[in-house]
Amino acid sequence: MPVVRAEGFVLRVQPLGEADKIVTFLTREEGKLRCVARSARRSRRRFGSSLELWSRVSLTLFEKEGMDLARVDGCDLLESAYRLQEDLETAYLLAYMAEVADLFARERQAEPHFFRLLGSLLAALREGLPRVLAARYFETWTLRLHGVLPDLGRCGLCDAPLATGGGVFQSASGQILCRACLPRPTPADFPVEAAGLEILRMILRNHPSDLAGRSLSGSLLVHLGRVTGAALASFAEAPFRTGRFLAAAERAS
């Protein structure tokens, strides 16, 4: 019975029977892992608060041939996200990030850049990074790291530069097209201003902690969320359950 030791974030917790929980972790060393935590529902003393969403933990797992799920033998809390989630709008953001990360992360395949992205964003939120900017940073880099970020500089069809007039995100293709190539957008397509494209390029050039003091248009960031969110949903081939709560909170703020 091999032992696996890893550091990870809790992305999802589900009940299993009357006593156990199924926990999805994104780990630095092993990528995404789905594990069973025995008696986690029956007694909080064994795991404490280490199985809460976005807890950063040190794991000891046991795996046995023929079993679908590894067993959590030890789970030590390294850092809690409890304080972040006391704010309802931040809790919406973290729930959305967990749902997206769960879908995009690869089973048993280490993704150190994605793992660092999540850790950096949690740290930046604690330092005061605005939620709406954190959301756009997460979406943009999730698309980039998984190879599905559309070209932000040129039309995906004719290769014309987008720097002056911006373009339109076409949900069907997942590309940003110039207005000449997409003169009649459908309701599922979203215009992208040149200033919005520059914000996305700025996100790709900077660490999230460097953006905390930047003065950016909140309304433009909210509008960009329709584009980056649609790009993520296009890849997932379905909307994210938590996305509508995040969008509503951003519009209201």
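Refer to the structure printed above.
Bear in mind that the values here come from a model prediction, so they are computed numbers and not experimental data.

**Let's talk about the sheet that holds strand β8 (residues 190–192)**
Taken in spatial order, the three strands of this open sheet run β7-β6-β8, and their pairing is antiparallel. This sheet does not close on itself; its edge strands, each paired only once, are β7 (175–177) and β8. Between one strand axis and the next, the sheet turns through 35 degrees on average, direction left out of account. As paired elements, strand β6 (residues 167–170) and β7 share three bridges and run antiparallel to each other.

**Considerations on the packing of helix α3 (residues 131–145) against helix α5 (residues 218–236)**
Running from N to C, α3 and α5 cross one another at 30 degrees; their axes reach a closest spacing of 10 Å. For the element pair α3 / α5, the angle class is roughly parallel. Of the two possible hands of crossing, α3 and α5 adopt the one that is left-handed. Facing α3, whose interface residues are V132, L133, R136, E139, T140, T142 and L143, α5 presents L221, V222, L224, G225, T228, G229, A231 and L232.

**Section: the environment of R126**
Mapped onto the fold, R126 is located in helix α2 (residues 112–126). Among residues more than four places away in sequence, those in contact with R126 are E79, S80, A81 and L84.

**Considering unusual backbone geometry**
In the Ramachandran plot, S39 falls in the positive-phi region, its phi being about 65 degrees despite a non-glycine side chain. The topology assignment puts S39 in the loop between β3 (31–37) and β4 (56–62). At D159, a residue that is not glycine, the phi angle is positive and equals roughly 70 degrees. With respect to the secondary-structure elements, D159 resides in the loop between α3 and β6.

**Digging into the pairing of β4**
By the criterion of burial, β4 is predominantly enclosed, with five of the seven residues buried. Looking at chain direction, β4 and strand β5 (residues 70–79) are connected through seven bridges and run antiparallel. Residue pairing across strands places T60 opposite G74, the latter belonging to β5.

**With respect to the nonpolar core**
Among the nonpolar cores identified, the biggest contains 58 residues, and W54 and L118 are the most heavily contacted of them. Non-local contacts of W54, meaning those with residues more than four positions away in its chain, are made with F9, V10, L11, E79, A81, L94, M97, A98, L118 and L122. Formed by 16 residues, the second largest nonpolar core is a distinct cluster that contains V23, C35, F47 and L61.

The rules behind these values
Residues numbered from 1 in each chain as written. Predicted model: local features only at pLDDT ≥ 70, side-chain atom pairs only at ≥ 80, totals over all residues. Heavy atoms only, no water. Pairing = 2+ DSSP bridges. Helix = DSSP H or I, 4+ residues; strand = E, 2+ residues; numbered from the N terminus. Axes fitted to C-alpha atoms, helices over the stretch in contact; angles between N-to-C directions. Parallel < 35°, antiparallel > 145°, perpendicular 65-115°, else oblique. Left-handed = near helix turned anticlockwise from the far one by under 90°. Contact = heavy atoms within 4.5 Å. Buried < 20%, exposed > 50% of the residue type's maximum accessible area, 1.4 Å probe, protein only. Core = buried A, V, L, I, M, F, W, Y, C linked by side-chain atoms within 4.5 Å.

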